[in-house]
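An overview of the molecular structure
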Amino acid sequence: MSMYGRDPWGGPLEINAADSATDDDRSRNLQDFDRAALSRPLDETQQSWLLGPTEQKKKKYVDLGCIIVSRKIFVWTVGTLLFSAVLAGFITLIVKTVPRHRHSHGPPDNYTLALHKALMFFNAQRSGKLPKHNNVSWRGNSCLNDGKSDSSSITKDLVGGYYDAGDAIKFHFPASFAMTMLSWSVIEYSAKYEAAGELNHVKELIKWGNDYFLKTFNHSADSISTMVAQVGVGDTSGGSTNPNDHYCWMRPEDIDYERPVTECSSCSDLAAEMAASLAAASIVFKDNKAYSQKLVHGAKTLYQFSRQQRGRYSAGSADAATFYNSTSYWDEFIWGGAWLYYATGNSSYLQLATTTGLARHAGIFWGSIDNSVLSWDNKLAGAALLLSRLRLFLSPGYPYEEMLRTFHNHTSITMCSYLPTFTSWNRTRGGLIQLNHGSPQPLQYVANAAFLATLFSDYLEAADTPGWYCGPNFFTTEDLRKFAKSQIDYILGKNPRKMSYIVGFGNHYPKHVHHRGASIPKNKIRYNCKGGWKYRDSSKPNPNTLVGAMVAGPDKHDGFRDVRTNYNYTEPTIAGNAVPPMFPTPPPPPAPWKP
């Protein structure tokens, strides 16, 4: 049954035949009655109060001096002109006197404000020559010699990209994941970005990151044997005092020490993740055919390299193993293959992504709760949802259906684990889910889970499915949205400390963010490697606000120490910021009209 009748005013458009005949009869009878009533002459009294004074015979013509016209035409013409003038005057009066109502959109909701700010963090993390519209007043051009000073580097131009966190190292493994996630959010929610006025901005950020990735290998070649994994180092073990990106506390603009380039020839995880980033970006920029094809070609080259020369990128790098150690590359094989299938439509990538052996190595059959956590290291939960999307909307059938159903089941189990009904994960008293088992820096994992939950609920609704089963129990998409919203709300300030963990959002947020650029004033003074230590150790708030940075987060007791030297609480990362909140509220109804 339709929600609305055929007539928007509430009645049917058809006229009942019987009623119509009755009306015609009544009309005829009424006309007959009128003629009968007026057929006899009325006396003067009756005429006086019923019809007014007795009509006198009127002249048929009007003499205008120069012309004689019919009285009927003259009356009609004058009457029409007078009526038109009165009507125009009346309409003008109404327009002038009725108050004007401007239907403003009202102030942005909290999630839209948080989105604006979260994207600004990427502006602050830019390396290289900054665009004029970067809108971060305390940042400038930096590290313009990256790649040039290292004679062994495969490329001499490694200028650009993003700094990873509060330092100036460019770790390509988490940076690729950040760009993949940012592209995924745009692919799914471009209309929301556009409504928030951020679509062009976020696309520019994605292009900035992926243009840099194209510099890290020979993107024009069909096959490669090596790629760049990292620029800069941070190892300070053994009491080393050599200037580097962790020992020194300097603004990126003032860096004068050498920044080594780390390459790898067996880095399947890094290559497949970067392939995923380029492939996802090619979908974002599908309207720019030449650029999209350039990204796709680079993604194919990287993915082939990842498959041919097996190995973990961090196995050959002490620095990478210390800060962003990769546990395996099987999840990246599935993740990268799925994105390449979406970008190209080439079924060979889907065949690879749904290979039973890959899934087994990635842990899809293990039932480990940790495989429900999406992070820069483990992409299995994301890959499973991406392939569940394929099953829900395209349903390719044989020979993919069995493995796609397995990935779909994995996604369902992941979503079940997020719900507070189950005890898969501990939660703080304030309600924050502990996806890293109470270890420090929890918020990046929470933000990823909220994104996956929102996406899965939207997928189900788009597929006309009201929910999913967790064992014998049925849960609705609204249950997932409540979980996602509760976690984002916690991050934005609905927590025991009433603190927003997004810098610049709300009135109470971290003021001592672990970040070199934000903690040192831009005062035309160049502070050397050790010269900035006084600002690192200062108890004063940062002189520069790192707008939009999501810090590492509270501990398992909802506690938080706003201390610059404790990175476990106050350091942000681009991987953590890659999934901004996407819960825009519907526009308010228009104000009631009042004359």
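First things first, this report covers the structure right here in the doc. Note that the coordinates shown come from a computational prediction; the quantities given were computed from them, not determined experimentally. (Residues numbered from 1 in each chain as written. Predicted model: local features only at pLDDT ≥ 70, side-chain atom pairs only at ≥ 80, totals over all residues. Heavy atoms only, no water.)

**Topic: the side chain of Arg139**
Its location among the elements puts Arg139 in the loop between α4 (110-124) and β3 (170-171). By relative accessible area, which is 7% here, Arg139 ends up buried. At 2.8 Å, the side chain of Arg139 forms a polar contact with the backbone oxygen of Arg126. Of the polar contacts made by the side chain of Arg139, one reaches the side chain of Ser142; its length is 3.1 Å. Discounting chain neighbours no more than four positions away, the residues touching Arg139 are Ala124, Gln125, Arg126, Leu130, Tyr163, Pro252, Glu253 and Lys522. (Helix = DSSP H or I, 4+ residues; strand = E, 2+ residues; numbered from the N terminus. Buried < 20%, exposed > 50% of the residue type's maximum accessible area, 1.4 Å probe, protein only. Polar contact = N/O pair within 3.5 Å; in protein donor to acceptor, adjacent residues only side chain to side chain. Contact = heavy atoms within 4.5 Å.)

**Focus: the pairing of strand β4 (residues 227-231)**
Judged by how many residues are buried, β4 sits mostly within the fold: five of five residues are covered. Pairing between β3 and β4: two bridges, direction antiparallel. Bridging across to β4, Phe171 finds its partner in Gln230. Where β4 and strand β5 (residues 261-264) come together, four bridges link them in antiparallel fashion. Within β5, the residue paired with Val231 across the bridge is Val261. (Pairing = 2+ DSSP bridges.)

**Points about the nonpolar core**
Of all hydrophobic cores here, the largest spans 147 residues; its most connected members are Trp184, Met227 and Trp468. Here the element with the most residues in this core is helix α15 (residues 443-462); it accounts for 13 residues. (Core = buried A, V, L, I, M, F, W, Y, C linked by side-chain atoms within 4.5 Å.)

**Some remarks on the packing of helix α13 (residues 380-393) against helix α14 (residues 401-418)**
For any two helices packed against each other, one specifies the crossing angle of their axes together with the interaxial distance. Two elements in contact, α13 and α14, have axes whose closest approach is 8 Å; the angle formed by their N-to-C orientations is 125°. The angle between α13 and α14 falls in the class oblique. Note on packing geometry: the crossing formed by α13 with α14 is left-handed. When α13 is examined against α14, the residues Leu380, Ala381, Ala384, Leu385, Leu387, Ser388, Leu390, Arg391 and Leu392 are found in contact with a partner set consisting of Glu401, Leu404, Arg405, Phe407, His408, His410 and Thr411. (Axes fitted to C-alpha atoms, helices over the stretch in contact; angles between N-to-C directions. Parallel < 35°, antiparallel > 145°, perpendicular 65-115°, else oblique. Left-handed = near helix turned anticlockwise from the far one by under 90°.)

**Regarding the packing of helix α5 (residues 172-195) against helix α10 (residues 330-344)**
Their axes nearest at 13 Å, the elements α5 and α10 cross at an angle of 40°. In terms of axis orientation, α5 runs oblique to α10. Considering only the axes of α5 and α10, their crossing is left-handed. On the side of α5, the interface is formed by Phe173, Thr180, Met181, Trp184 and Ile187, while α10 contributes Glu332, Trp335 and Trp339. Residue classes in the contact of α5 with α10 are distributed as six nonpolar, one polar and one charged. (Nonpolar A, V, L, I, M, F, W, Y, C, P; charged D, E, K, R; others polar.)

**Considerations on the state of the cysteines**
Across all of its chains, the model carries three disulfides by this definition. Two residues, Cys248 and Cys529, share a disulfide whose sulfurs are 2.0 Å apart. Looking along the S-S bond of the Cys248-Cys529 disulfide, the torsion reads about -90°, which is the left-handed sense. Placement of Cys248 in the loop between β4 and β5 and of Cys529 in the loop between α17 (516-519) and α18 (533-536) is noted, with a sequence separation of 281 residues between them. (Disulfide = S-S within 2.5 Å.)

**Details of the pattern of salt bridges**
Enumeration according to the criterion identifies 18 salt bridges in this entry. As a salt-bridge pair, Asp157 and Lys215 come within 3.4 Å of each other at their nearest N and O atoms. Of this pair, Asp157 sits in the loop between α4 and β3 while Lys215 sits in the loop between α6 (199-213) and β4; the two residues are 58 residues apart in sequence, bridging distant segments of the chain. Its salt-bridge partner being Arg251, residue Glu253 comes within 3.5 Å of it at the nearest N-O pair. One exposure class covers both Glu253 and Arg251, and it is buried. (Salt bridge = Lys/Arg side-chain N within 4 Å of Asp/Glu carboxyl O.)

**Some remarks on the packing of aromatic side chains**
Evaluation of the coordinates by the stated rule reveals 30 aromatic pairs. Ring centres of Trp184 and Phe451 lie 5.6 Å apart, and the angle between their planes is 75°; on these two criteria the pair is classed as edge-to-face. Highlighted residues: Trp184 in helix α5 and Phe451 in helix α15, separated in sequence by 267 residues. Per residue, the accessibility class of Trp184 equals that of Phe451, and both read buried. Each ring, one from Trp330 and one from Phe333, has its centre 5.8 Å from the other, and the planes form 85°; the classification is edge-to-face. A residue pair is termed a helical-turn pair when its members lie 3 or 4 positions apart in one helix, as Trp330 and Phe333 do in helix α10 at three residues. Comparing Trp330 with Phe333 shows no difference in burial state: the two are buried. When the ring centre of Tyr509 is taken as reference, the NZ or CZ atom of Lys511 above it lies at 4.0 Å. (Phe/Tyr/Trp six-rings, centres within 6.5 Å; stacked < 30°, edge-to-face > 60°. Lys NZ or Arg CZ within 6 Å of the ring centre and 35° of its normal.)

**Quick look at the sheet that holds β3**
The strands making up a sheet associate through backbone hydrogen bonding, with each pair oriented either parallel or antiparallel. Spatially, β3-β4-β5 is the arrangement adopted by the three strands of the open sheet, whose pairing is antiparallel. Where the open sheet ends on each side, the last strands, each with one partner, are β3 and β5. Docked against the sheet, helix α7 (residues 268-284) engages β4 and β5, running at close to 95° with respect to β4.

**Quick word on unusual backbone geometry**
Backbone torsion omega between Tyr398 and Pro399 reads 0°, so that peptide bond is classified as cis. Within the secondary structure, Pro399 sits in the loop between α13 and α14. In this structure, Asn135 takes a positive phi of about 65° despite not being glycine. By secondary structure assignment, the location of Asn135 is in the loop between α4 and β3.

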